[in-house]
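Here is how the chains run, residue by residue.
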Amino acid sequence: MSLEISDTTDGVDWAALKDALRLDDFDNGRTPDQYRVSHERSHAVVFARDDGGYVANGRILSDGVCNAYLVDIWVATRLRRRGLGGEIVRRLLATVPGQHVALLTAERTEFYESLGFGIEREALSLVNGEWLNPSATR
Ligand SMILES: CC(C)(COP(=O)(O)OP(=O)(O)OC[C@H]1O[C@@H](n2cnc3c(N)ncnc32)[C@H](O)[C@@H]1OP(=O)(O)O)[C@@H](O)C(=O)NCCC(=O)NCCS
């Protein structure tokens, strides 16, 4: 298998990536264009492709000083438990040295614990109005 890992949004086929996510049952409703904007406005991104198309991605938000947030971490079901998820997250963490990195998930906490994350029980969050901002494009 030839795996190509990139850290740029240049050349990403957003429709193909969203198709891959949908077919793998990991889709939270963004259109390809909304997914593009989410990634273009992130601090760092990682995408992985093999001969069959997109197989993993991830992104991290950051203020560049002290706070960062991991989002949209995905590895295709057929390639899980081979270290690819760890590689994606380590590449993203390398872009935010010295920062407090958070994420909100109830899924796969063992995976994040294997990378050094600890559970914080006092997290608070809200969805500000209706989920997704339809005017968020550029
Ligand atoms: C979570 C996810 C990204 C992990 O990707 P991955 O490529 O399988 O992860 P890795 O192979 O790097 O796993 C590293 C370690 O994490 C732990 N781990 C990963 N998946 C696990 C699972 N399903 N159950 C228990 N431990 C797990 C293990 O310790 C693993 O090491 P090991 O395989 O040597 O035992 C992948 O399962 C995924 O995309 N899941 C669906 C999307 C999702 O839930 N994302 C997280 C919420 S945003």
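Residues numbered from 1 in each chain as written. Predicted model: local features only at pLDDT ≥ 70, side-chain atom pairs only at ≥ 80, totals over all residues. Heavy atoms only, no water.

Peer 1: Mind laying out the sheet that holds strand β1 (residues 4–6), listing which residues take part and the relevant values?
Peer 2: The five strands are arranged β1-β2-β3-β4-β5 in an open sheet whose pairing can be described as mixed. Each edge of the open sheet carries a strand with a single partner, namely β1 and β5 (100–102). Shown here is a sheet whose adjacent strand axes are inclined to one another by a mean of 20°, direction ignored. In this structure, β1 lies alongside strand β2 (residues 44–50), joined through three bridges in antiparallel fashion. Across the sheet, residue I5 finds its bridge partner in β2, namely A48. Lying over the sheet, helix α1 (residues 14–23) contacts β2, β3 (53–62) and β4 (67–75), oriented at roughly 100° with respect to β3. (Pairing = 2+ DSSP bridges. Helix = DSSP H or I, 4+ residues; strand = E, 2+ residues; numbered from the N terminus. Axes fitted to C-alpha atoms, helices over the stretch in contact; angles between N-to-C directions. Contact = heavy atoms within 4.5 Å.)

Peer 1: Can you break down the nonpolar core residue by residue, with the values?
Peer 2: Most often, soluble globular proteins have nonpolar side chains that are buried together. If you look at the biggest cluster of nonpolar residues, it comprises 31 residues, and the most contacted ones within it are L17, I60, L70, L84 and L92. Those elements that provide at least two residues to this core are α1, β2, β3, β4 and α3 (84–93). Other than its neighbours up to four places away in sequence, L92 contacts A44, V45, V46, G58, R59, I60, L70 and I73. (Core = buried A, V, L, I, M, F, W, Y, C linked by side-chain atoms within 4.5 Å. Buried < 20%, exposed > 50% of the residue type's maximum accessible area, 1.4 Å probe, protein only.)

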